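Coordinate inspection notes
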Amino acid sequence: MVTIENYVNLPSVADYQEIIKKFPAFASASLSEKAKKEDAYKENYYKAGYYFTRTALPGSSHTVKYVDCGGHLFWISSNNTDAGLRVALQIIYNPECNLVKGCKEVSRTAEIWDEEKIEIVKTTSKAPVVIFGNKPYIVLNLKECVKKYKKGNTAIMRLVSVELIAKAKPFDKDGNTNDYGSKAAKEIRQQCEDEALEFATQEEKAMLVKVRLSEKDGYEKAEPILEKEENKEEIQKKSSVESLFDDLFVGKIDEEGLRKGLKEIVASEKAKESASVETAKALNNEILEQAKLFEEKLEARREYDNVNSTIDKLNLGGKQ
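Overview of the structure. (Residues numbered from 1 in each chain as written. Predicted model: local features only at pLDDT ≥ 70, side-chain atom pairs only at ≥ 80, totals over all residues. Heavy atoms only, no water.)

1. A short note on the sheet that holds strand β1 (residues 3-6)
Taken together, the three strands give an open sheet; going across it, the order is β1-β11-β12, and neighbouring strands pair in antiparallel fashion. Looking at which strands have only one partner, the edges of the open sheet turn out to be β1 and β12 (223-224). Here strand β11 (residues 211-214) runs beside β12; their pairing, made up of two bridges, is antiparallel. Paired with V211 across the bridge in β12 is P224. (Pairing = 2+ DSSP bridges. Helix = DSSP H or I, 4+ residues; strand = E, 2+ residues; numbered from the N terminus.)

Spelled out as structure tokens, the structure:
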């Protein structure tokens, strides 16, 4: 039985059905500026594009369910090349964090296919929307999260992007499979994560919850994988200061990005009730230690480059 674990996915049909029930006008999705620049398909009448779900069409080996420009669930070949990318992810609910504090009710009006009336109907809906990684997301279960949190339980927000955040890669470029867990679909699974996290801050990344999907139910349910409490502090530590220096080393961010990220960490720690002189000094020492390790890695890289330069300059009199 195939299972996959990751942070960001295509939405499932179940996600779509929840949206069409609670916030019907958001069942369709407009194109982001990036999706427009990449020439994802846009229907001018609906002012929207269409998007893959991760759900296979039963009885088919190469067709997946998708949502058309009018918010209608249909099916399409897995090698389609001009769909938009809509993504789903989960984050820990914390009413004290900036993301949740910034949650706003957003209104949208759209032409949506009405299954009962069997016609297109102009619909207006309001939905709670948060900003993650500089992109807007519908919160599918905000009321449930508030109730769970008040009872002292861990609450996890389920988010689906409001817009099509990019032009989607084919579900399977060869059109041979509609299995979301297959090697063929690895490219679009990776794209989901890359696009969603493109501008995410370290604080936002630390809120992400990895999910497990199984072939058993057609990858419909995204089961959250909660880290053990004893490992949580170390995981968050790794995801902040150390990972910023790692990102700088591999070129994901520049020095300005490093400084910005470090200042975000400082601001986050400063705002905590547990903030103290000791924790501030510990954070300062950690940053200095990581800076020292970074310089050592840079020095090692330069030395290896020197070795390669020596090899290139060797002239032993052999045949050229």
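Structure shown, so let's carry the discussion forward.
2. Observations concerning the pattern of salt bridges
For the structure shown, the criterion picks out 15 salt bridges. Between K34 and E195 there is a salt bridge, with the nearest N and O atoms lying 2.8 Å from each other. Placement of the pair is K34 in helix α2 (residues 33-37) and E195 in helix α5 (residues 186-196), with a sequence separation of 161 residues. Given a relative accessible area of 11%, E195 falls into the buried group. One salt bridge in this structure joins E223 and K221, with 3.3 Å as the shortest N-O distance. Owing to a relative accessible area of 34%, E223 belongs among the partly exposed residues under this scheme. Members of the salt-bridge network, linked through shared partners, are D15, E18, K22, R54, E144 and R158. (Salt bridge = Lys/Arg side-chain N within 4 Å of Asp/Glu carboxyl O. Buried < 20%, exposed > 50% of the residue type's maximum accessible area, 1.4 Å probe, protein only.)

3. Some words on the environment of S243
When you line up the elements, S243 lands in helix α7 (residues 229-249). Owing to a relative accessible area of 13%, S243 belongs among the buried residues under this scheme. Distance from S243 to Q290, taken between C-alpha atoms, is 9.7 Å for residues 47 residues apart in sequence. Here the side chain of S243 touches Q202 through a polar contact of 3.0 Å, side chain to side chain. (Polar contact = N/O pair within 3.5 Å; in protein donor to acceptor, adjacent residues only side chain to side chain.)

4. Some details on a nonpolar patch on the surface
A surface patch of nonpolar side chains, amounting to about 430 Å² of accessible area, comprises V307, I311, L314 and L316. For L316, the position within the fold is in the segment after α9 (277-313). (Patch = residues over 30% accessible without salt bridge, like charges linked within 9 Å, V, L, I, M, F, W, Y side chains within 5 Å. Areas by Shrake-Rupley, 256 points an atom, 1.4 Å probe, with all protein chains shown as cover.)

5. A look at the pairing of strand β3 (residues 51-56)
Most of β3 is tucked away, with five of its six residues classed as buried. By the bridge criterion, three bridges tie β3 to strand β4 (residues 63-67) in an arrangement that is antiparallel. Across the sheet, residue A56 finds its bridge partner in β4, namely V64. Hairpin connection, β3 to β4: the antiparallel pair is bridged by six residues, and G59 has positive phi, about 85°.

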